[in-house]
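# What the coordinates show
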Protein chains: 2
Amino acid sequence: MSLESFIQLSRPAVEHELQELLKAWIPEDCGVLRSMIAYHMGWEGDGSGAEAQGKRVRSLLILLTSAAAGGNWQKSLPAAAAVEYIHNFSLVHDDIQDNSHTRRGRSTVWVKWGIPQAINVGDAMYTLGLLSLSKPRESLSGEIAESSAFILQQACIKLTQGQYLDMSHEKERFIPLGTYWPMVEGKTAALLSACTEIGAVVAGIDARRQANFKKFGYSLGLAFQVVDDWLGIWGNTEKTGKSVGDDLVAGKKTLPILFALSQKKNFAERWSAGPIQAREVERLSGWLIDEGAKSYTEEMADNLTKDALFSLKRAVIDENDYSVALKELAESLLKREN
Amino acid sequence: MSLESFIQLSRPAVEHELQELLKAWIPEDCGVLRSMIAYHMGWEGDGSGAEAQGKRVRSLLILLTSAAAGGNWQKSLPAAAAVEYIHNFSLVHDDIQDNSHTRRGRSTVWVKWGIPQAINVGDAMYTLGLLSLSKPRESLSGEIAESSAFILQQACIKLTQGQYLDMSHEKERFIPLGTYWPMVEGKTAALLSACTEIGAVVAGIDARRQANFKKFGYSLGLAFQVVDDWLGIWGNTEKTGKSVGDDLVAGKKTLPILFALSQKKNFAERWSAGPIQAREVERLSGWLIDEGAKSYTEEMADNLTKDALFSLKRAVIDENDYSVALKELAESLLKREN
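Figured I'd write up the structure that's included with this text. All values derive from a computational prediction rather than experimental measurement. (Residues numbered from 1 in each chain as written. Chains lettered and ligands numbered in written order. Predicted model: local features only at pLDDT ≥ 70, side-chain atom pairs only at ≥ 80, totals over all residues. Heavy atoms only, no water.)

## Side note on the overall build of chain A
Counting secondary structure elements, chain A contains 17 helices and two strands. Relative to its length of 338 residues, chain A is compact, with a C-alpha radius of gyration of 20 Å against a globular reference of 20 Å. Taken over the C-alpha atoms alone, chain A extends approximately 60 × 50 × 35 Å along its principal axes. Burial statistics for chain A: of 338 residues in total, 58% are counted as buried. For chain A, the separation between the mean place of its 37 positive charges and that of its 43 negative charges on side chains is 2 Å. (Helix = DSSP H or I, 4+ residues; strand = E, 2+ residues; numbered from the N terminus. Rg over C-alpha atoms; globule rule 2.2 N^0.38 Å. Buried < 20%, exposed > 50% of the residue type's maximum accessible area, 1.4 Å probe, protein only. Lys, Arg positive; Asp, Glu negative; His and termini not counted. Charge placed at Lys NZ, Arg CZ, Asp CG, Glu CD.)

## Brief notes about empty space enclosed by the protein
Counted under the stated rule, the structure contains eight cavities of 30 Å³ or more. Considered as a void within the structure, the largest cavity measures approximately 180 Å³ in volume. Every residue lining the largest cavity is counted, 17 residues in all, and those nearest its centre are Ser 134 and Ala 149 of chain A together with Ser 134, Glu 146 and Ala 149 of chain B. Among the elements of the structure, helix H7 (115-134) and helix H8 (142-169) of chain A together with helix H7 (115-134) and helix H8 (142-169) of chain B are those that each provide at least two residues to the lining of the largest cavity. Looking at which element gives the most residues to the lining of the largest cavity, the answer is H8 of chain B, with six residues. Split into classes, the residues belonging to the lining of the largest cavity amount to nine nonpolar, six polar and two charged. By volume, the second largest cavity amounts to about 110 Å³. If you go around the second largest cavity, the residues you meet are Tyr 39, His 40, Ala 52, Val 92, Asp 95, Arg 103, Arg 104, Arg 106, Ser 107, Thr 108 and Val 109 of chain A. (1 Å grid on protein atoms, 1.4 Å probe; cavity = no way out; pocket = protein on both sides within 12 Å on 5 of 7 lines; lining within 4 Å. Points joined across faces, edges and corners; volume = space filled by probe spheres on them. Nonpolar A, V, L, I, M, F, W, Y, C, P; charged D, E, K, R; others polar.)

## As for the packing of helix H4 (residues 57-68) of chain B against helix H17 (residues 321-334) of chain B
Residue and element names in this part refer to chain B. Look at H4 against H17: their axes get within 8 Å of each other, and the N-to-C directions meet at 145 degrees. Like other packed secondary-structure pairs, H4 and H17 cross with a definite hand, here left-handed. Every residue of H17 that contacts H4 at Val 57, Leu 60, Leu 61, Leu 64, Thr 65, Ala 67 and Ala 68 is listed here: Tyr 322, Ser 323, Ala 325, Leu 326, Leu 329 and Leu 333. For the contact of H4 with H17, the class distribution of residues is eleven nonpolar, two polar and no charged. (Axes fitted to C-alpha atoms, helices over the stretch in contact; angles between N-to-C directions. Left-handed = near helix turned anticlockwise from the far one by under 90°. Contact = heavy atoms within 4.5 Å.)

## Details of the relation of the copies chain B and chain A
Mapping chain B onto chain A leaves a residual RMSD of 0.1 Å; the transformation is a rotation of 180 degrees accompanied by 0.0 Å of translation along its axis. In the structure described here, the two chain copies are related by an operation that fits a two-fold rotation axis. A high fraction, 100%, of the interface residues of chain B reappear at the interface in chain A, so the copies pair face to face through one surface. (Least-squares fit on C-alpha atoms with pLDDT ≥ 70 in both.)

## Section: the packing of aromatic side chains
Across all of its chains, the model carries 19 aromatic pairs over all chains by this definition. Arranged with centres 4.3 Å apart and planes meeting at 20 degrees, the rings of Phe 259 of chain A and Tyr 296 of chain A form a pair that is stacked. Residue Phe 259 of chain A is found in helix H13 (residues 255-263), and its partner Tyr 296 of chain A is found in helix H16 (residues 293-315); the two are separated by 37 residues along the sequence. Taken individually, Phe 259 of chain A and Tyr 296 of chain A each receive the classification buried, so the pair is uniform in this respect. Ring pairing ties together the aromatic residues Phe 89 and Tyr 126 of chain A together with Phe 89 and Tyr 126 of chain B, which thus form one cluster. We note Lys 112 of chain B situated over the ring of Trp 113 of chain B; from NZ or CZ to the ring centre the distance is 5.6 Å. (Phe/Tyr/Trp six-rings, centres within 6.5 Å; stacked < 30°, edge-to-face > 60°. Lys NZ or Arg CZ within 6 Å of the ring centre and 35° of its normal.)

## Observations concerning the nonpolar core
Of all hydrophobic cores here, the largest spans 234 residues; its most connected members are Ile 37, Tyr 85 and Phe 267 of chain A together with Ile 37, Tyr 85, Phe 213 and Phe 267 of chain B. Filtering out sequence-adjacent residues up to four positions away, Phe 267 of chain B remains in contact with Leu 248, Ile 257, Ala 260, Leu 261, Leu 284, Trp 287, Leu 288 and Glu 291 of chain B. (Core = buried A, V, L, I, M, F, W, Y, C linked by side-chain atoms within 4.5 Å.)

## With respect to the environment of Val 32 of chain A
Relative to the elements of secondary structure, Val 32 of chain A occurs in helix H2 (residues 31-40). Put simply, Val 32 of chain A and Ile 198 of chain A are 166 residues apart on the chain and 33 Å apart in space, counted from C-alpha to C-alpha. Non-local contacts of Val 32 of chain A, meaning those with residues more than four positions away in its chain, are made with Trp 113 of chain A together with Tyr 164 of chain B.

## Examining unusual backbone geometry
All names here are of chain B. Even without being a glycine, Arg 56 presents a positive backbone phi close to 50 degrees. Looking at the secondary structure, you find Arg 56 in the loop between helix H3 (50-53) and H4. You will see that Lys 264, though not glycine, has its phi angle at about 50 degrees, which is positive. Note on Lys 264: relative accessible area 69%, which makes it exposed.

## Brief notes about the interface of chain B and chain A
Each partner contributes residues to the interface: chain B has 42 residues there, and chain A has 42 residues. Interface area, chain B with chain A, both sides summed: about 3700 Å², of which 67% is carbon and sulfur. Inspection of the region where chain B meets chain A yields zero salt bridges. Scanning the region where chain B abuts chain A turns up 16 residue pairs in polar contact (both at pLDDT 80 or more). For the side of chain B that touches chain A, the elements supplying multiple residues, two or more each, are helix H2 (31-40), helix H5 (77-97), H7 and H8 of chain B. With 14 residues, the top contributor of residues to the side of chain B that touches chain A is H8 of chain B. Counted by class, the side of chain B that touches chain A contains 24 nonpolar, 14 polar and four charged residues. (Buried area = accessible area lost by both parts, 1.4 Å probe. Salt bridge = Lys/Arg side-chain N within 4 Å of Asp/Glu carboxyl O. Polar contact = N/O pair within 3.5 Å; in protein donor to acceptor, adjacent residues only side chain to side chain.)

## So, helix H1 (residues 3-25) of chain B
Residues and elements named next belong to chain B. With 23 residues, H1 should cover 33 Å at 1.5 Å per step; its first-to-last C-alpha distance of 32 Å lies within 8% of that length. Maximum bend of H1: about 40 degrees, positioned at Ser 10, with proline Pro 12 one to four residues after it. Residues of H1 that are buried include every one of Leu 3, Phe 6, Ser 10, Arg 11, Val 14, Glu 15, Glu 17, Leu 18, Leu 21, Leu 22 and Trp 25, and no others. (Expected span 1.5 Å × (residues − 1). Bend = angle between axes of the 7 residues up to and from the residue.)

## Some words on the environment of Leu 152 of chain B
All names here are of chain B. Position of Leu 152 relative to the elements: it lies in helix H8. Residue classification places Leu 152 among the buried residues on the basis of a relative accessible area of 3%. Each C-alpha atom of the pair Leu 152 and Ser 262 lies 34 Å from the other, and the pair is 110 residues apart in sequence. Filtering out sequence-adjacent residues up to four positions away, Leu 152 remains in contact with Ala 82, Val 83, Ile 86, Leu 133, Leu 191 and Ile 198.

## Side note on the packing of H8 of chain A against helix H9 (residues 180-203) of chain A
Running from N to C, H8 of chain A and H9 of chain A point in directions that differ by 170 degrees, and their axes come no closer than 7 Å. The pairing of H8 of chain A with H9 of chain A is recorded here as roughly antiparallel in orientation. (Parallel < 35°, antiparallel > 145°, perpendicular 65-115°, else oblique.)

## Here we look at H9 of chain A
The periodicity of an α-helix, 3.6 residues per turn, causes residues three or four places apart in sequence to face the same way. All names here are of chain A. With 24 residues, H9 ought to run about 34 Å at 1.5 Å a step, and its terminal C-alpha atoms sit 33 Å apart, in line with that. Of all the bends in H9, the greatest measures close to 50 degrees and is centred on Ala 189. Most of H9 sits inside the fold, with 19 of its 24 residues counted as buried. Where H9 terminates, the next one or two residues include Gly 204, which has phi positive at roughly 75 degrees.

## Quick word on the pattern of salt bridges
The final tally for this structure, using the stated rule, is 27 salt bridges over all chains. One salt bridge in this structure joins Lys 327 of chain A and Glu 331 of chain A, with 3.9 Å as the shortest N-O distance. Linking Lys 327 of chain A with Glu 331 of chain A, this pair stays in helix H17 (residues 321-334), spanning four residues, or about one helical turn. On the basis of relative accessibility, which here comes to 27%, the residue Glu 331 of chain A falls in the partly exposed class. Here Glu 20 of chain B makes a salt bridge to Lys 23 of chain B, at a shortest N to O gap of 3.4 Å. Taken together, the residues Glu 20 of chain B and Lys 23 of chain B, both in helix H1 and three residues apart, mark about one turn of the helix. Via salt bridges that share partners, Arg 11, Glu 15 and Arg 56 of chain A belong to a single interconnected network.

Function cannot be inferred from these measures alone, as they are strictly geometric.
Okay, structure coming up:
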């Protein structure tokens, strides 16, 4: 099965699962709270629809992992909904923390309803995610739900650590290259590896294969972030929708930038002198290339991609339709242009 | 056993449980994140100590309920720590939402470290609470931990509903009396009834007695809030540490105020004309008395206190040292002067 056919097949079930949780746990008399959540999830309000909902990559990862491991993807829907709400709770809080005014082309929750309500919307979404795994279900054994919840909560505590490190470094102009990985582990890899581990747990495979699936998600998460960092400087602006060198002007601590800082050459000297102007982007991007930051980033992306695909190969014993689609998903995330 | 002796006995174990969770889940390289949490919990920083830690009423309720129901209070320590972190996460977020600069005489987390970090501190504390019940423990069966987590998450979703209702009413000058109870249910009663229900679940008593313990916590929560509202207007200022009629000047939607508004007499007329000044407090407090708001509030507090103590009596079959201390705790919360 192609990835696209699986998305066509599973996506309505994921949205249904998410919407049922919202209806079950937020009563009518809190109608606006419900609407705020439905707005962020892309179901309601200005600009709602497929574009606003995003790709739901994390739920896809759970469903496809569980099916690639020989399980029934429908059984992992509660876990998929849990991860999706938890990821989205982190986005709602992240938008406040980063002072972001738009997400997927729409006003963020805090811009529309204010910071106090937006904090609460995030808290409610986090709780909806937890409830998805806590409520006893016929289709899900207590033991599996319990393990999945524990894996997810461990990812969440790492998420707050990544967020803490990221915010702590915001005001520093120089940070060592070594701080990049713990930050990315928390912000991206922890939740993606939780997804592939949970998929394996729901499928009920042995611990060794579970570990390979987990490792697959972990490397995938790191690789995804490194590719993102590459695109932030050298991405095709028509495809990313961002200006060339956006990350340079914003002063983001991405991998190519941290690498170049560690080289202490022209780039590092200019960087330490203060904010980068748009007209300098071409020259600085050239220095990044000359000082090895581009090739270092590409090498890292390649190695991590290889690690991810190698772990996936070891995890999947018998190739099936779903494992093919899962590989396609991984490749689409790592070879993307936006 | 007196309540005081039980506090002396159990308090070090509660603090130890809470601190071990922090050390186990927030690593050294996130030292400042750890410190921010330790600061809020009253263990570190300016003004740390017993006063800053507060009374840990919610963990006391769990421990005493489980022991009053014939269980071993030590077995409910993980649940007690979970509730305490969850209550404190809600306080950290609440302080941002209410723009509160101090709590228990100390600067709030957001005042010290900024709103973005404070949001993240709350998220991390919520997760620490969840991890307390998710991590497999020898002393706690999976089934009991699972039920406790589910009860707690249901309380959390109600907490976000109460918070939503409270914030939504903030800008309205008039709100109907009927909206008071769902708000208080979410903000206070949901978590207190979760505490007494969890205590009963950990003790392993039958469903009927569990329900009575739960009802006890629920009525206790409502009564607690009504008493708080009474103190906010008529409390002895030397004991509450607040000025007389603080809640009038702040325009809070407390029970006596909502009752008086529903009467549509002098108080309601003055209230609708705009903010109350400190010099008007005495006159308006008199109107509240004349229009029946004080006696209504006292009647409600009395009825709810009776409900709480009646449910407690039905729940406790064989009085023991702990049930005596639990009754003392309930009475101290309802007959307090600050």
